Amino acid sequence: MLLIIACLALLINTPETCSAKKYKDFIMDPADITAVLADNYTHAAPALENSAADICFGCADIKYDQGNFKIVECGDGIYMSLRATEIIMNNKEYNLVSPFWGLFWHQIAEFGLPVWHIEAISDKSALAVNEYKTLGVGYAASFAALEKSNDFQQAHKKIVQTPTRMTEYAGIIVFAATKEHTRDGVGYKKFQKQYPHFIYVNSATRDYLKQKDTTYKLFQRAGLDAFIPRFGIFPTTFNADTAKQITKLLPDNQLLVIKPTYSSLSIGVNVINAKTLPAFLRLILQHPETIGDSAPRALSFWRSTNQPQFVASEYVPSQTIYKNNKPYDPTMRVIFIMHHDQGTIHTNVLGGFWKIPVKPLNDASATETEKHVTIAHAGDYYSGILLEQAESLRMKKALAPVLAKAYEQMLIERK
């Protein structure tokens, strides 16, 4: 029991998984690395021409059907949970640990600036530590330790008063907090303010990536409504009219998704039949104390949530895939790196893989949540499933322009 508790705490607080899980070292043919990183989609963003350079390392969960997709949530790639993944890179099949840290280190090394990784590092293989050492990436256990570094102090001397071009910055900092509450903490913000001529990966985009309602609203403002589910934001204070409001917003939807604005690992995410919506809202909002101790985490989350709002959205299916002759409604996890420099956005969709719910579609005894919601770390059987080459190429072509436009909106709002 103590081991389980320790592993759960690690999943919540760091970008790693439980140390009992062993991952392979990052190994890719250098020619394949070069080819993958060269596969960029470029997007002109003249409104950002004189704006600060930026780097974004992210992931997205999409419901995908042969080129059509809707983004159901995004995530900060630095804190994405780790998993072994079958994936095709440059027409070769690899088994890599997503979110493909090895490729990320190679990507930011190409900018020709000093790079430092700060704090969390619980699985050296998964984070491709040996790879980044060969690339000259530095490591510091804390910001205080970084400040004492001679290399950092030397880089700090390269000061451009208000840098905008990538080449004008003193270096790149990748901060992976060991504790969740310090990810956006006072110490990090203070360091950024003290050393503004460094690029901090995801500092401009994290707030948009980490929270579902914020992500959806951003896509709306960017004119990308077609690429997210129809949704509404509602108070977690019980109101008998809320069910009617949701039904009016999402008419003719047999299945609905009720989820927190901020959570990870599918905690608190439920797919329910629209007919049961009033009873379900009474349970989680009016009488959460009646949810049993043994309830699955989709429900147990609601026993003690302090979030003021929740998200209700339409349910969107993916194309059915089969494993061991059983049909599943999968979700595709996609990892991407984007950067902005001098009014041009570069988007590299590194790749995607399927993950499946714990129950197949033809299981008559399964709940809708069990058949339609994936659960991180349910086991290797349920994740890291190969996305075929032709479908991968089609997905990248469709997704990259949408991500680029959303990224542009983030940076415009940051100005």
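From a predicted model like this one, the values you see are computed outputs, not experimental measurements.

Asker: Would you explain the nonpolar core in this entry?
Answerer: Here is a general trend for soluble globular proteins: nonpolar side chains tend to be buried in one another's company. Residues Leu-103 and Trp-105 are the most contacted members of the largest nonpolar core, which totals 62 residues. Beyond its immediate chain neighbours, meaning those up to four positions away, Leu-103 contacts Phe-26, Met-28, Ile-33, Val-36, Leu-37, Met-89, Ile-337 and Leu-350.

Asker: I would appreciate a short explanation of the pairing of strand β3 (residues 68-76) in the present structure.
Answerer: Each regular strand displays side chains that alternate between the two surfaces of the sheet. Sheet analysis places strand β2 (residues 54-65) next to β3, joined by eight bridges and oriented antiparallel. Bridging across to β3, Tyr-64 finds its partner in Phe-69. Between β2 and the antiparallel strand that follows it, β3, lie two residues; Gln-66 among them carries a positive phi value of about 50 degrees.

Asker: Just checking my understanding: could you explain the sheet that holds strand β9 (residues 199-200) for this structure?
Answerer: Paired through backbone hydrogen bonds, the strands of a sheet run either parallel or antiparallel to each other. Taken together, the four strands give an open sheet; going across it, the order is β7-β6-β8-β9, and neighbouring strands pair in parallel fashion. Unpaired on one side and paired on the other, β7 (138-140) and β9 mark the two borders of the sheet. Pairing of strand β6 (residues 115-119) with β7 involves three bridges; the strand directions are parallel. Residue pairing in the sheet places His-117 in a bridge with Tyr-139 of β7.

Asker: What is the right way to look at the packing of aromatic side chains in this model?
Answerer: Both the distance between ring centres and the angle between the ring planes are used here to describe each pair of aromatic rings. Per the counting criterion, the structure on display carries 26 aromatic pairs. Plain terms: the ring middles of Tyr-381 and Tyr-382 are 5.0 Å apart, the flat faces sit at 75 degrees to each other, and that makes the pair edge-to-face. Residue Tyr-381 is classed as partly exposed on the basis of its relative accessible area, which comes to 28%. We note Arg-183 situated over the ring of Tyr-79; from NZ or CZ to the ring centre the distance is 3.9 Å. When the ring centre of Tyr-381 is taken as origin, the NZ or CZ atom of Lys-323, which lies over that ring, is 4.1 Å away.

Asker: Any chance you could explain the sheet that holds β2 here in plain terms?
Answerer: The strand order across the open sheet formed by five strands is β1-β17-β16-β2-β3, and the pairing between neighbours is antiparallel. If you trace the sheet from one side to the other, it starts and ends with β1 (41-44) and β3, each paired once. Each strand axis lies, on average, 30 degrees off the axis of its neighbour in the sheet, ignoring direction. Pairing of β1 with strand β17 (residues 344-355) involves four bridges; the strand directions are antiparallel. Bridge assignment links Tyr-41 to a residue of β17, and that residue is Thr-347.

Asker: Can you walk me through the environment of Tyr-94 in this structure?
Answerer: Along the polypeptide, Tyr-94 turns up in strand β5 (residues 92-98). Contact partners of Tyr-94, with chain neighbours within four places excluded, come to Ile-27, Met-28, Asp-29, Asp-32, Thr-85, Glu-86, Ile-87 and Met-89. Within the structure, the side chain of Tyr-94 is placed 3.2 Å from the backbone nitrogen of Asp-29, a separation counted as a polar contact.

Definitions and cut-offs
Residues numbered from 1 in each chain as written. Predicted model: local features only at pLDDT ≥ 70, side-chain atom pairs only at ≥ 80, totals over all residues. Heavy atoms only, no water. Core = buried A, V, L, I, M, F, W, Y, C linked by side-chain atoms within 4.5 Å. Buried < 20%, exposed > 50% of the residue type's maximum accessible area, 1.4 Å probe, protein only. Contact = heavy atoms within 4.5 Å. Pairing = 2+ DSSP bridges. Helix = DSSP H or I, 4+ residues; strand = E, 2+ residues; numbered from the N terminus. Phe/Tyr/Trp six-rings, centres within 6.5 Å; stacked < 30°, edge-to-face > 60°. Lys NZ or Arg CZ within 6 Å of the ring centre and 35° of its normal. Axes fitted to C-alpha atoms, helices over the stretch in contact; angles between N-to-C directions. Polar contact = N/O pair within 3.5 Å; in protein donor to acceptor, adjacent residues only side chain to side chain.

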